[in-house]
Amino acid sequence: MTFDTVIHDGTIVGASGMFKGDIGINEGRITAIAEHLSGGTRRIDAGNRLVMPGGIEAHAHIAQESASGIMTADDYLSGSISAAFGGNSSFIPFAAQHRGQSIDDVIATYDSRAAPSVIDYSFHLIVSDPSAEVLEDQLPRAFARGITSLKVFMTYDLLNIGDGGMLDILSVARAHGALTMVHAENNDMVGWMNRQLAARGMTTPKYHAISRPELAEEEAINRAIMLAQLADAPLFVVHVSTAGGAERVQRARAQGAPVFAETCPQYLALTRDDLDRPGMEGAKFMCSPPVRDAATQEVLWRHVRTGTFDSVSSDHAPYRYDETGKLMNGADAPYPKIANGMPGIAARLPFLFSEGVVRGRITPEQFVALSATNAARIFGVTQKGRIAPGLDADIAIWNPEVTRRVTLADQHDNMDYTPFEGMELTGVPEIVMTRGQVIVEHGQLRGAEGQGRFIARERVDMRGRSGLGTKETALMHSDEAGATS
Ligand code: DUC
Ligand code: ZN
Ligand code: ZN
């Protein structure tokens, strides 16, 4: 057998085990895995390295306007390059509908924004306006095109679709095998806290964390799970930041509900003390839900380790610390007028490897599951996320022993800060491949603008998670079956 590329002598890591071996690649796909493969137009020596599936970044905001109109600092070129330097070979950013927009127009806009991507990509929709046309025509068209997931918000006045809107979305998603993701925070609790703090003149960045209480997340996650149960639909809870929220997810899963969830490095690495840095520096650490405290970090790590979370995603939401981003409303803007979000697409996997695997909190196999395999399964990326014959050769070769300090330059994004600056992390993705092409090699970019392709995704994989449903929804679904037969 001949090969375009052979990756030789590495330790190949999968979600369920690891072994020493060689990987043969032809025309962008893995065509052989064996103890030893000879030949290869190019041979890559992976001795003393871990050979893992390229990361799939399932939560990132790229070339996206916030509801109040602030554009992220990263477009698909800089965002995909940053992702690649962080060990990712594909990503699924959001295509956001603002009220009044048609989903077809939103997708057309993001199709052209994504064209320069260096890595393969798909989109999750954000739906803020679930009108009848959106529910009946536009979403089913998007699902048929392979955009099989969407995010809804339970907070922010310009995005919150209310419980009724959520039920409508969950029900349409269920009917088409799509997956609903949810940003779960109780909007009225947050609004009330904002008014309390404003009345007391408490508006510096540190009050952002106070304004969005842990209870607001726990309540909303609980409600979202129950709404999904009534609609008998699967649910993915994004950026879980609290012990209470994680416990609600854990309990639902233990009951057999098709509930998936993620947390993010910022909730494992940062605390609300970071929002209290001098001057406006705290604005750099503002995201929603907010970062919490050290005790919560330990609880979240336990949920990472014990399987409550399917993935650890970056929630890369890059707003620069200048007048184009965080300081758009002035150098002393009150916290409700400061953009929410922080960058982290390049730091996600080095952080998870170092603080997770190197510190002994998770195994290398869990790292692979949390960084790629689970996202591929849940979001229908059938060609990626595992090292197996026939799949895309999306591979990251990690040196598990090199230690670096996080610097802004190493993020390769379009930001002017990284919230992880100065952290000492062990483990570096030295070579990253997308469909057999090396895109990052020892700190150098080898990939080309526009090399990434759109990934049409399959429907949500419900195997082993049949759902709970209720007698009321069972009745409705039996009606549906009757009506169509
Ligand atoms: N939600 C996100 O997922 N990212 C940034 C801000 C937000 O509210
Ligand atoms: Zn969110
Ligand atoms: Zn996000």
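Everything here concerns the structure above.
Only a predicted model underlies this, so the values are computations on that prediction, with no experimental measurement involved.

Participant: Mind showing me how you'd approach the coordination of the zinc ion (ligand 3) here?
Facilitator: Angles at a metal have ideal values that depend on geometry: 109.5 degrees with four tetrahedral donors, 90 or 180 degrees with six octahedral donors. Within the protein, the zinc ion (ligand 3) binds to His59 (NE2), His61 (NE2) and Asp315 (OD); these donor distances fall in the range 1.9 to 2.0 Å. A spacing of 4.3 Å is found between the zinc ion (ligand 3) and the zinc ion (ligand 2). Here aspartate 315 lies in the loop between strand E14 (311–312) and helix H11 (348–358) and histidine 61 lies in the loop between strand E6 (55–60) and helix H1 (76–85), a separation of 254 residues in the sequence. The same class applies to histidine 61 and to aspartate 315, which are both buried.

Participant: What is the right way to read the nonpolar core from this model?
Facilitator: General note: in soluble globular proteins, nonpolar side chains tend to be found buried as a group. Counting residues in each nonpolar core, the largest one holds 126 residues, and the members touching the most others are Leu125, Leu139, Met166, Val182, Val237, Phe367 and Phe379. Split by domain, the residues of this core number at least three in each of domain 1 (5–52 + 387–445) and domain 2 (55–373). Setting aside anything within four residues of it in sequence, one finds valine 182 in contact with Val152, Met154, Met166, Ala224, Leu235, Phe236, Val237 and Val238. Ile12, Val51, Ile387 and Ile397 belong to the second-largest nonpolar core, a separate cluster that totals 15 residues.

Participant: Is there a simple way to explain the site of ligand 1 in this structure?
Facilitator: Lining the immediate surroundings of ligand 1 are His59, His61, Lys151, Tyr156, His183, His239, Ser288, Asp315, Ala317 and Asn340. Between histidine 239 and ligand 1, the recorded distance is 3.2 Å, taken from a side-chain N or O atom to an oxygen atom. The separation between a nitrogen atom of ligand 1 and a polar side-chain atom of aspartate 315 is 2.9 Å. Computed on the free molecule, ligand 1 has an accessible area of 230 Å², of which 93% lies beneath the protein chains in the complex. Taking a 2 Å distance to the grid points as the criterion, the majority of the atoms of ligand 1 fall inside the largest pocket. Residues of the shell around ligand 1, tallied by class, amount to 2 nonpolar, 6 polar and 2 charged.

Participant: Where do I start with the packing of aromatic side chains in this structure?
Facilitator: Across all of its chains, the model carries 14 aromatic pairs by this definition. Consider the rings of tyrosine 76 and tyrosine 121, whose centres lie 6.1 Å apart with planes at 65 degrees: the pair is edge-to-face. Linking tyrosine 76 in helix H1 with tyrosine 121 in strand E8 (residues 120–121), this pair joins segments that are 45 residues apart in sequence. For the pair tyrosine 76 and tyrosine 121, a shared accessibility class is recorded, and that class is buried.

Conventions adopted
- Residues numbered from 1 in each chain as written.
- Chains lettered and ligands numbered in written order.
- Predicted model: local features only at pLDDT ≥ 70, side-chain atom pairs only at ≥ 80, totals over all residues.
- Heavy atoms only, no water.
- Donors = N, O, S within 2.8 Å, 3.2 Å for Na, K, Ca; no water.
- Helix = DSSP H or I, 4+ residues; strand = E, 2+ residues; numbered from the N terminus.
- Buried < 20%, exposed > 50% of the residue type's maximum accessible area, 1.4 Å probe, protein only.
- Core = buried A, V, L, I, M, F, W, Y, C linked by side-chain atoms within 4.5 Å.
- Domains from an automatic or database assignment.
- Contact = heavy atoms within 4.5 Å.
- Near = heavy atom within 4 Å.
- Polar contact = N/O pair within 3.5 Å; in protein donor to acceptor, adjacent residues only side chain to side chain.
- Areas by Shrake-Rupley, 256 points an atom, 1.4 Å probe, with all protein chains shown as cover.
- 1 Å grid on protein atoms, 1.4 Å probe; cavity = no way out; pocket = protein on both sides within 12 Å on 5 of 7 lines; lining within 4 Å.
- Sits in = over half its atoms within 2 Å of the grid points.
- Nonpolar A, V, L, I, M, F, W, Y, C, P; charged D, E, K, R; others polar.
- Phe/Tyr/Trp six-rings, centres within 6.5 Å; stacked < 30°, edge-to-face > 60°.

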